[in-house]
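Structure assessment
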Amino acid sequence: MTTQKIKTEHEQKFLQEYHQLNDEQKKAVDTIEGPVMVVAGPGTGKTQILALRIGKILFSDAQVGAHNILCLTYTETGTIAMRKRLLSMIGPLAHRVHIFTFHAFCNEVIKYNMDYFGAKNLEPISDLQRIQIIHKIFDDLPAGHLLKRYKESDVYSNTSRLDKLFQLMKNENWDLEKMEKAVQNYLVDLPLREEFIYKKGNEKAGIKKGDVKQKAIDEEIERMQKLLSAAALSQQYQAIMKERGLYDFSDMLQWVKDAFKNDENFLRNYQERYQYFLVDEFQDTSGVQSEILQALIDFFPNPNVFCVGDGDQSIFEFQGARVKNIADFEKKYAEYLQQIVLEKNYRSTQNILDAAFQSIQNNNERIKDIDGNPPPKLISALPESKLNQAVKPSVVEYFNALYETLDVLNQIENLQKNGVPLSDVAIIYREHKHADALINLFVKKNIPYKIKRRIDVLQQPIVQHLLNILQYLNEETQKANSSEDKLFHLLHFKQLDVEPQDIALMSLSLSKMRST
């Protein structure tokens, strides 16, 4: 690299960034032939090495065009970041590199083969249409079905769960038969699991240490029966979508996967387009996504495929499927596979890395390297000045979620009183629903906050008020004086500006009128 003649400004930019890499990162960039698995923990420069590797391929082999490279990322944000990084490094040529999420790649395949997929007369399903179809499924359930609900407020209570289950089955390529086998194996294994065995005896209850918790097992069996009943409804869901000419993102993955699997000529067309494959966040590829990638690279016994991932970071996992994808990849290409581990972290202090490493040791399923060793502990590569400011993280256990929420609130109030800018305070949580209680307290305490998430318009207070008004009017239109309880609630809306004492007087007057 040091003796290579610099021909362009972009090559100079590439070399400048390349020489800033550590030895393992350089090895990942330089190893452009054959299958490569890079185990890269958080903050180890994954995006940088992906971009530099694309630059290395283009600057090293004049016969390889940018259009011969396929880079698959997990999120659209990752795609944009990769494109920007490449633009600064290789210039306008970056627009010719095929950088997609898996969904976008499949959409591209379908878009240029509309007649082949019969998708000309189909429309993508909207969130509202998806809910309407699931509601129809609930309405059509026969009496006695495990998911049938008769109370009006509960009829559609499982809508969100059913939707997530259908999407999960599609993404992981799980049909009902596979689900039944998995459930059967799971139930057979229950009596052997620690959580279903008494660790202490109880003479009064007739329980001995080591006895099986039969009640807990029976509850789990009932839960699995409901799961299989729900999974069986996926066929009905797909039938209704087909009847209405609709499809969703998960369908696109299935269509392309099936086309690659069943039509060799169609597959060859795409295999011949690409000479190099790069996959970011490989640990989060679903079962279907993994099959699509495998179909593309199977044309070559020793494919030029570069996967970056870390099984310890898998955030979307179903029955260990994601970890299995990495393990299967390593097993399939064991003869040719080159594995590179990035250990230096450029984002966190060593105290944080040590705490994270200690915590991850409790995971049962961790990806091991070729020699059978789990990922090593990350080493902080921050400047000495930042390392000297390191603070040890503390782990606090709470009695319940309410105690945790109140403690976080108290800590933030104390920071605010001590003059700490709230813009310097961050709260990290797994799901948005976990922050709802805290946000409500912030509003009551007049603590300003900023949150990044998609807003569900239907859940906004003003929209909820409007829906309640419309529901009241609808019920009153059908039967007069049938929804006075709702009217009492509506009168408390701030927008109506009715004083509480006036509402109380109206309620009292109404009661007197009825009594006379």
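Residues numbered from 1 in each chain as written. Predicted model: local features only at pLDDT ≥ 70, side-chain atom pairs only at ≥ 80, totals over all residues. Heavy atoms only, no water.

Here's the deal with the overall build of the protein
Heads up, the rule is: Segments assigned H or I by DSSP are reported as helices when at least four residues long, segments assigned E as strands when at least two residues long, and all are numbered from the N terminus. For the exposure calls, accessible area comes from a 1.4 Å probe over protein chains only, and a residue counts as buried if that area is under 20% of its type's maximum, exposed if over 50%, partly exposed in between. Any two residues having at least one pair of non-hydrogen atoms within 4.5 Å are treated as being in contact. For every accessible area listed, the method is Shrake-Rupley and the probe measures 1.4 Å; residues are considered covered only by the protein chains on display. As used throughout, the charge tally considers Lys and Arg to be positive and Asp and Glu to be negative, leaving His and the chain termini uncounted. We put the charge of a Lys on NZ, of an Arg on CZ, of an Asp on CG and of a Glu on CD.
Counting secondary structure elements, the protein contains 22 helices and ten strands. Projected onto the principal axes, the alpha-carbon positions of the protein cover approximately 105 × 65 × 65 Å. Across the 516 residues that make up the protein, the buried fraction comes to 38%. A separation of at least 24 residues holds for 72% of the contacts in the protein among residues at least 6 apart in sequence. In the form shown here, the protein has an accessible surface area of approximately 32100 Å², with 51% of it arising from carbon and sulfur atoms. Positive and negative side-chain charges in the protein, numbering 65 and 70 respectively, have mean positions lying 2 Å apart.

Remarks on the sheet that holds strand 3 (residues 98–101)
Put simply, the rule reads: Strand pairing follows a simple DSSP-based rule, namely that at least 2 bridges must link the two strands. Axis lines are fitted to C-alpha atoms, over the contacting stretch for helices. Their N-to-C directions set the angle, which ranges from 0 to 180 degrees.
With parallel pairing, six strands are arranged side by side in an open sheet as 3-2-6-7-1-8. Whereas interior strands pair on both sides, the edge strands pair on one side only; in this sheet they are strand 3 and strand 8 (338–342). Here the strands of the sheet are splayed against their neighbours by 15° on average, with no regard to which way each runs. Both strand 1 (residues 36–40) and strand 7 (residues 305–309) contribute to a ladder of four bridges, which runs parallel. Bridge pairing in strand 7 links Val39 to Gly309. Running over the sheet, helix 2 (residues 23–30) touches strand 1, strand 7 and strand 8 and is turned about 145° from strand 8. Of the strands in this sheet, strand 1, strand 2 (69–73), strand 6 (276–279), strand 7 and strand 8 touch helix 3 (residues 46–60), which is tilted by about 170° from strand 7.

A short note on the state of the cysteines
Counted only if it meets this: Sulfur atoms of two cysteines make up a disulfide when they are within 2.5 Å.
Applying the stated rule across the entire model yields zero disulfides. Lacking any disulfide linkage, Cys71 is separated from the closest cysteine sulfur, that of Cys307, by 11 Å.

Focus on the side chain of Thr159
Quick note on the threshold: Pairs of N or O atoms within 3.5 Å make up the polar contacts considered here, provided that, within protein, one atom can donate a hydrogen while the other can accept it, and that residues adjacent in sequence are counted only when both atoms are side-chain atoms.
As for its placement among the helices and strands, Thr159 is situated in helix 8 (residues 159–171). At 2.7 Å, the side chain of Thr159 and the backbone oxygen of Tyr156 are in polar contact. Residues contacting Thr159, with those up to four places away along its chain left out, are Ile131, Ile134, His135 and Phe138.

Re the packing of helix 3 against helix 4 (residues 76–90)
To characterise two packed helices, one gives the angle between the axes of the helices and the distance between these axes. Rules: The cut-offs work like this: below 35 degrees is roughly parallel, past 145 is roughly antiparallel, 65 to 115 is roughly perpendicular, and the gaps in between are oblique. Crossings are assigned a handedness: left-handed for a near helix turned anticlockwise from the far helix by less than a right angle, right-handed for a clockwise turn. The residue classification treats Ala, Val, Leu, Ile, Met, Phe, Trp, Tyr, Cys and Pro as nonpolar and Asp, Glu, Lys and Arg as charged. All others, Gly included, are polar.
Following both chains from N to C, one finds helix 3 and helix 4 inclined at 45°, their axes separated by 10 Å at the closest point. Between helix 3 and helix 4, the interaxial angle falls into the category oblique. As helix 3 runs across helix 4, the sense of the crossing is right-handed. Residues Thr47, Gln48, Leu50, Ala51, Leu52, Ile54, Gly55, Leu58 and Phe59 of helix 3 lie in contact with helix 4, whose contacting residues are Met82, Arg85, Leu86, Met89 and Ile90. Residues belonging to the contact of helix 3 with helix 4 are distributed by class as follows: ten nonpolar, three polar and one charged.

Some points on the packing of aromatic side chains
Here is the rule we go by: Between rings of Phe, Tyr and Trp, where Trp is taken as its six-membered ring, a pair exists when centres lie within 6.5 Å; planes separated by under 30 degrees are stacked, by over 60 edge-to-face, and by other angles tilted.
By the definition in use, this model includes 19 aromatic pairs. Centroid distance Tyr274 to Phe277: 6.1 Å. Interplanar angle 65°. Geometry classified as edge-to-face. Taken as a pair, Tyr274 and Phe277 share a single burial class, namely buried. Through a chain of ring-to-ring contacts, the aromatic side chains of Phe100, Phe105, Tyr116, Phe117, Phe260, Phe266 and Tyr270 assemble into a single cluster.

Considerations on unusual backbone geometry
At Asn173, a residue that is not glycine, the phi angle is positive and equals roughly 60°. Mapped onto the fold, Asn173 is located in the loop between helix 8 and helix 9 (176–189). Backbone geometry at Glu281 places phi at a positive 50°, although glycine is not the residue there. You can see Glu281 is positioned in the loop between strand 6 and helix 14 (287–297). On the basis of relative accessible area, Glu281 is assigned to the partly exposed category, the value being 21%.

Some points on helix 4
We apply this condition: Between the first and last residue of a helix there are one fewer steps than residues, each counted as 1.5 Å, and that sum is the expected span. This arc is built from the directions going out from the helix axis to the C-beta atoms.
Compared with the 21 Å implied by 1.5 Å per residue over 15 residues, the 21 Å span of helix 4 between its first and last C-alpha is a close match. Turning to helix 4, its buried residues number three or more, namely Thr79, Met82, Arg83, Leu86, Met89 and Ile90. Buried residues of helix 4, viewed axially, fall in a sector of 130°; they line one side. The exposed residues of helix 4 that point more than 90 degrees off its buried face are Thr77 and Lys84. Tucked into the core, helix 4 has its buried residues touching helix 1 (9–18), helix 3, strand 2 and strand 3. Positive backbone phi, at 75°, marks Gly91, one or two positions downstream of helix 4.

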